[in-house]
Amino acid sequence: MTQITLGRKKDVDPNGDPLQRSQIGWSDGLSDRQLYEIARGVWVMPGSRVERERPSK
């Protein structure tokens, strides 16, 4: 399993964000929908790091 950890929630310029989000990151109290909107996108991971991951038992 690969686990992705989000950084702290911060405001961003929607004009500079490819998905036109005004916030990214995580904070307490986010609804499922808010978390989806903030965390959605394309994730690029170094191949060597992902290749080292093993299925959890």
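Residues numbered from 1 in each chain as written. Predicted model: local features only at pLDDT ≥ 70, side-chain atom pairs only at ≥ 80, totals over all residues. Heavy atoms only, no water.

*Asks:* What am I meant to see in the overall build of the protein chain here?
*Replies:* When its secondary structure is counted, the protein chain shows two helices and two strands. When the helices and strands of the protein chain are listed from N to C terminus, the series reads β-β-α-α. Its C-alpha radius of gyration of 14 Å places the protein chain more than 25% over the 10 Å reference for a compact globule of 57 residues. Taking the principal axes of its C-alpha atoms as reference, the protein chain extends roughly 35 × 25 × 15 Å. Put simply, the protein chain has 57 residues, and 11% of those count as buried. When contacts within the protein chain are restricted to residue pairs at least 6 apart in sequence, long-range pairs at least 24 apart make up 24% of them. For the protein chain, the computed accessible surface area is about 5200 Å², with 49% contributed by carbon and sulfur atoms. Within the protein chain, one finds 10 positive and 8 negative side-chain charges whose respective centroids are separated by 7 Å. (Helix = DSSP H or I, 4+ residues; strand = E, 2+ residues; numbered from the N terminus. Rg over C-alpha atoms; globule rule 2.2 N^0.38 Å. Buried < 20%, exposed > 50% of the residue type's maximum accessible area, 1.4 Å probe, protein only. Contact = heavy atoms within 4.5 Å. Areas by Shrake-Rupley, 256 points an atom, 1.4 Å probe, with all protein chains shown as cover. Lys, Arg positive; Asp, Glu negative; His and termini not counted. Charge placed at Lys NZ, Arg CZ, Asp CG, Glu CD.)

*Asks:* Looking at this model, I keep getting lost on the environment of Ile4. Mind explaining?
*Replies:* Examined against the element boundaries, Ile4 turns out to sit in the segment before β1 (10-11). Using a relative accessible area of 41% as the deciding quantity, one classes Ile4 as partly exposed. Here the alpha-carbon distance between Ile4 and Gly16, two residues twelve residues apart in the chain, equals 23 Å. Discounting chain neighbours no more than four positions away, the residues touching Ile4 are Trp43 and Met45.

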